[in-house]
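Here is how the chains run, residue by residue.
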Amino acid sequence: MDSQTPRIDSMIDSILQSYDEIGGINKNGTHTFPNKENVVEVLHDLQCLVFPGFKKAEDIDSENLRYITGQRINRIVAMLTKEIQKALIYEISHQSEQGSKNKQCFALAERTALALIEEIPNIRKTINLDMMAMFNGDPAAKNSEEVIVSYPGLEAITVYRLAHFLYVNGVPVIPRIMSEYVHGRTGIDIHPGATIGESFFIDHGTGIVIGETTVIGKNVKIYQGVTLGALSVKKELQDKKRHPTIEDNVTIYANATILGGKTVIGEGCTIGGNTWVMQSVPPHTMVTQ
């Protein structure tokens, strides 16, 4: 081992030099970036808050439900506040008066974490409508509990609705960590900035992509491989609407691609599988190859 010490020291020096030259190191301190593991842990607790007893092995009854819920809320608020504070501080790290900014960021982070908890009953109502859309729309679903525990589409839309609340309330980074985590689990990529109405039905789901500025109405059903994307991915367009609008009661079949911020799919349309759509479609139209 001793004979290898100079070589090991040289390796360490080389790696440390790459940290200085290239970056990509998350040090403790004022400029610490949010921790992915902590965000995922918060997300698991939030999912358990939405569907207690389904997402984690735990004995729940009427006697201990209040205690378990209280414990979970306290854990979420404490950890989420810390991670939101990191994200906010990182965004303003180039500014002066860092000490006062830190306090402001903590207060804002805590308010946002508490606001998310207060919103959980309304988020649950919306997710329940998504779940019922999947149950009623899929003949293979035997009961709603099966949808909750086994349908990747419901998991993806649940995480989206939690992440979207943080996104619209100005929380940086953390919503993307949440959405990309569930993307890796389900193969469904929903940007937290998208706007999605109630009773959203994702069937199968693998390979679905929904971009940041997408707007989706109520009672929309989409199948695997659907892309709601942008015509251009130029950086200067980041503040523009780049993704399509899907109005109410639309069905989009497998592997359809719909592109462009000015593209509107009218109410009641059916978009057939493997179609490529780059212009608006009038209401109650069927589009096929």
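Reading guide: rules and limits
- Residues numbered from 1 in each chain as written.
- Predicted model: local features only at pLDDT ≥ 70, side-chain atom pairs only at ≥ 80, totals over all residues.
- Heavy atoms only, no water.
- Core = buried A, V, L, I, M, F, W, Y, C linked by side-chain atoms within 4.5 Å.
- Buried < 20%, exposed > 50% of the residue type's maximum accessible area, 1.4 Å probe, protein only.
- Helix = DSSP H or I, 4+ residues; strand = E, 2+ residues; numbered from the N terminus.
- Contact = heavy atoms within 4.5 Å.
- Pairing = 2+ DSSP bridges.
- Polar contact = N/O pair within 3.5 Å; in protein donor to acceptor, adjacent residues only side chain to side chain.
- Expected span 1.5 Å × (residues − 1).
- Salt bridge = Lys/Arg side-chain N within 4 Å of Asp/Glu carboxyl O.

Q: Hey, could you run me through the nonpolar core in this one?
A: Soluble globular proteins tend to pack their nonpolar side chains together in the buried interior. Counting residues in hydrophobic clusters, the biggest one holds 72 residues, and the most contacted among them are Leu 154 and Ile 252. Going through the elements one at a time, helix H2 (36-50), helix H3 (65-91), helix H4 (98-137), helix H5 (144-150), helix H6 (152-168), helix H7 (174-186) and strand E3 (201-202) are the ones with two or more residues in this core. Sorting elements by how many residues they give to this core places H4 first, with 11 residues. Those residues in contact with Leu 154 that lie beyond four places of it in its chain are Phe 51, Ile 127, Asp 130, Met 131, Met 134, Val 147 and Ile 148.

Q: Explain the sheet that holds strand E8 (residues 245-246) here, please?
A: Two orientations exist for strands paired in a sheet by backbone hydrogen bonds: parallel and antiparallel. Strand order in this open sheet of 4 strands is E2-E5-E8-E11, and the pairing throughout is parallel. Looking at which strands have only one partner, the edges of the open sheet turn out to be strand E2 (195-196) and strand E11 (264-265). As paired elements, E8 and E11 share 2 bridges and run parallel to each other. Residue pairing across strands places Ile 246 opposite Ile 265, the latter belonging to E11.

Q: What is the right way to read the side chain of Glu 83 from this model?
A: Here Glu 83 shows up in helix H3. Of the polar contacts made by the side chain of Glu 83, one reaches the side chain of Asn 38; its length is 2.9 Å. With residues up to four places along the chain from it excluded, the contact list for Glu 83 reads Pro 34, Asn 35, Asn 38, Val 39 and Ile 174.

Q: Help me understand H7, please; the structure alone is not making it clear to me.
A: Residues three or four positions apart in an α-helix share a direction because the helix packs 3.6 residues into each turn. Compared with the 18 Å implied by 1.5 Å per residue over 13 residues, the 19 Å span of H7 between its first and last C-alpha is a close match. Residues of H7 that are buried: Ile 174, Pro 175, Ile 177, Met 178, Ser 179, Tyr 181, Val 182 and Thr 186. Here the buried face of H7 lies against H2, H3, H6 and strand E1 (189-190). Just past H7, the residue Gly 187 takes up positive phi, approximately 80 degrees.

Q: Looking at this structure, I do not really get the pattern of salt bridges. What am I missing?
A: For the structure on display, the rule yields 8 salt bridges. The shortest N-O distance in the salt bridge between Arg 72 and Glu 58 comes to 2.8 Å. With Arg 72 in helix H3 and Glu 58 in the loop between H2 and H3, this residue pair connects regions lying 14 residues apart in the sequence. Among the residues examined, Arg 72 registers a relative accessible area of 3% and is labelled buried. With a relative accessible area of 21%, Glu 58 lands in the partly exposed category. Arg 161 serves as the salt-bridge partner of Asp 130, at 2.7 Å between the closest nitrogen and oxygen. Pair noted here: Asp 130 is in helix H4 and Arg 161 is in helix H6, with a separation of 31 residues, a long-range link. Like Asp 130, the residue Arg 161 is buried in the burial classification. Connected via shared salt-bridge partners are Asp 45, Glu 58, Arg 72 and Arg 75.

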